[in-house]
Amino acid sequence: MEVVVTSECSGQLWNTCIWEPLTGTTLRTFKGGISGSQSLNIVGGDYLLSSLKDKPIIQVWALNRQDQITTKMIMPGIIQVLVMSPCNNFCVGALSEQLLIWQVSTGKLVASLRRHYQNVSDVKFTADSSRFISAGAEGLVLLWSLDTVLHTKECEPDSIWSDHSLPVTGLHVTKSLIQPLVFSVSLDQTCKIRDLNTGKTLFNIQFNGPLRSVVVDHSEESCYVGSHEGKIYRLDLLDPPRSVEQMVDESASRKMFVGHEKAVTCLSVSTGGCHLLSGSDDGSARVWDIASGQCVRILAHRGPLTNAFFAPRYKHLETDKFHPRIIINTFEKKRHDGQLLSAENELNAQVLISCPPLMESLDSSQGAEALSLSGSNASGGHQVSDQVTQNEMGRLKLINRQLYAFAVDKIFNEDAAITTKKRK
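Note that this is a predicted model, so its numbers are computed, not measured.

To continue, consider the overall build of the protein chain. Secondary structure assignment for the protein chain yields four helices and 29 strands. Each of the 424 residues in the protein chain was classed as buried or not, and the buried ones make up 46%. For the protein chain, the share of sequence-separated contacts (at least 6 apart) that also reach a separation of at least 24 residues comes to 48%. Carbon and sulfur atoms provide 51% of the accessible area of the protein chain, an area that totals close to 21,100 Å².

Attention shifts here to the pattern of salt bridges. Summed over the entire model, instances satisfying the criterion amount to seven salt bridges. Across the pair E156 and R115 runs a salt bridge, and its minimum N-O distance is 3.3 Å. Placement of E156 in the loop between helix 1 (146–151) and strand 15 (159–161) and of R115 in the loop between strand 11 (109–114) and strand 12 (120–125) is noted, with a sequence separation of 41 residues between them. Between D163 and R194 there is a salt bridge, with the nearest N and O atoms lying 2.5 Å from each other.

This brings us to the sheet that holds strand 9 (residues 90–95). In space, the four strands of this open sheet follow the order 8-9-10-11, with antiparallel pairing throughout. Two strands lie at the open edges of the sheet, namely strand 8 (81–84) and strand 11, each paired on one side alone. Direction aside, neighbouring strands of the sheet carry axes that sit 15 degrees apart on average. As defined by bridge partners, strand 10 (residues 98–103) adjoins strand 11 across five bridges and the pair is classed as antiparallel. Considered in strand 11, the bridge of Q98 is made with R114.

With respect to burial, strand 4 (residues 35–43) is a largely interior element, seven of its nine residues being buried. In this structure, strand 4 lies alongside strand 5 (residues 47–52), joined through five bridges in antiparallel fashion. Each residue of the ladder has a partner; that of V43, found in strand 5, is Y47. Hairpin connection between strand 4 and strand 5: a loop of three residues separates the two successive antiparallel strands, and G44 in this loop has a positive phi of roughly 60 degrees.

What the four strands build is an open sheet, ordered 3-2-1-29; its pairing is antiparallel. Because the sheet does not close on itself, it has two edges, and the strands there are strand 3 (26–30) and strand 29 (305–312). The sheet shows a mean angle of 20 degrees between the axes of neighbouring strands, direction not considered. With seven bridges connecting them, strand 1 (residues 2–8) and strand 29 associate as antiparallel partners. Paired with V4 across the bridge in strand 29 is F310.

Glancing now at the environment of F309. The topology assignment puts F309 in strand 29. The spacing of F309 and N41 is 268 residues in sequence and 9.7 Å in space, taken between C-alpha atoms. Discounting chain neighbours no more than four positions away, the residues touching F309 are V3, V4, V5, L40, I42, S268 and L277.

Following the criterion strictly, the structure yields nine aromatic pairs and no others. Residues F125 and F132 carry aromatic rings whose centres are separated by 5.5 Å and whose planes lie at 45 degrees to one another, so their mutual orientation is tilted. Classification of F132 by relative accessible area gives buried; the value is 0%. The interplanar angle of 70 degrees and the centroid separation of 5.6 Å between the aromatic rings of F257 and W288 together place this pair among those described as edge-to-face. Pair noted here: F257 is in strand 24 (residues 256–257) and W288 is in strand 27 (residues 284–289), with a separation of 31 residues, a long-range link. Cluster of aromatic residues (ring-pair linked, three or more members): F125, F132 and W144.

Okay, a nonpolar patch on the surface next. Taken together, M393, L396, I399 and L403 make up a surface patch of nonpolar side chains, about 360 Å² in accessible area. Tracing the chain through its elements places L403 in helix 4 (residues 379–423). With relative accessibility at 54%, the residue L403 sits in the exposed group.

If you trace the backbone, S268 turns up in strand 25 (residues 264–269). A polar contact of 3.1 Å, which involves the side chain of S268, links it to the backbone nitrogen of F310. Look past the residues within four positions of S268 in its chain and what remains in contact with it is V215, H275, L276, L277, A308, F309 and F310.

Once that is clear, we can look at the environment of P180. Relative to the helices and strands, P180 is located in the loop between strand 16 (168–173) and strand 17 (181–186). We classify P180 as buried; its relative accessible area is 4%. Separated by 53 residues in sequence, P180 and A127 place their C-alpha atoms 8.7 Å apart. Filtering out sequence-adjacent residues up to four positions away, P180 remains in contact with R131, T174, R194, D195, L196 and N197.

Cut-offs used in this document
Residues numbered from 1 in each chain as written. Predicted model: local features only at pLDDT ≥ 70, side-chain atom pairs only at ≥ 80, totals over all residues. Heavy atoms only, no water. Helix = DSSP H or I, 4+ residues; strand = E, 2+ residues; numbered from the N terminus. Buried < 20%, exposed > 50% of the residue type's maximum accessible area, 1.4 Å probe, protein only. Contact = heavy atoms within 4.5 Å. Areas by Shrake-Rupley, 256 points an atom, 1.4 Å probe, with all protein chains shown as cover. Salt bridge = Lys/Arg side-chain N within 4 Å of Asp/Glu carboxyl O. Pairing = 2+ DSSP bridges. Axes fitted to C-alpha atoms, helices over the stretch in contact; angles between N-to-C directions. Phe/Tyr/Trp six-rings, centres within 6.5 Å; stacked < 30°, edge-to-face > 60°. Patch = residues over 30% accessible without salt bridge, like charges linked within 9 Å, V, L, I, M, F, W, Y side chains within 5 Å. Polar contact = N/O pair within 3.5 Å; in protein donor to acceptor, adjacent residues only side chain to side chain.

Next comes the structure, spelled out in structure tokens:
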């Protein structure tokens, strides 16, 4: 079961609302300010994280505590885009043309990137959290390696795509670990599909109007593109065009979702692939049945939508008890040490970034090389890493022995006290 999470520009009733998608029932609301576009995130099913549209503040709510703000973080400026990594260990925020990267558990500002020339419009992570893509109003789409960003002082993007002639308005990265694709749409009326591994542009699809949003279903069978006029186009990825350049034919009405009166700024597909969610500047979020192309529910809002997406029905939405798995510390406004991750902290960075492999087809040597985030193959680096590992294991063993001794002592003392009381 899934829920719909939305936010809108007016802020008259709430900041964020969680809906039942098919009935339109309001499950929970969170008040306080207005969330900016592309800045609303659910962190590990425990928290709701967003940056305010008109204030330099990042807010955090606990999912089970309605209307209660748990943390308010003051930033050096208004964060236009805020994105969490899928592993929930790193957060990327866009401050004008600058990219800020925080470590969520410590709140440390671990990296600051300046490569865009105008405001960043969108940021997306790959499924394994190893890379992220940023797009800007100047038309650039940049591919970054998280490992390189954390361990390199002067970092440059792995790939730079500059074939958009107008601001890029939307990004989407497929969840494939073998051949991930990135989709970008722009006001120049084009949707471009690129291979992240090779950097090659696979398709350039031309439309009749400016584009605002894009999403691909989980099975990677269809791509949905939201236009500035309110139309939603459906592209069949199982039957791609034979040439790189293609013009979309609007006469095929069966491949369009028509109903919005203004620009479609948010798109999301349910996990089962049966429903499409769209948010628009006309103040409505619509749930569409993909098979029939019909709108099955309209979620009315007081202002233009800034965020709208499907999310799992987390347990904290159903209970008052709160047992978070994620630790969120207050994000730093600037880097105090001015240094990158040290060798002593390198092991922690590796553990945080690496995700459990979903496929084990690679041999052990290739897998070790793929998950190694040290950035160096020198023997000295491995010796430092091994030493850090041994020290950490020794410390954990000592803590484990102390906990065991404390538990045993506590149990025996309580048993002795109970026995003495019974004898008396």
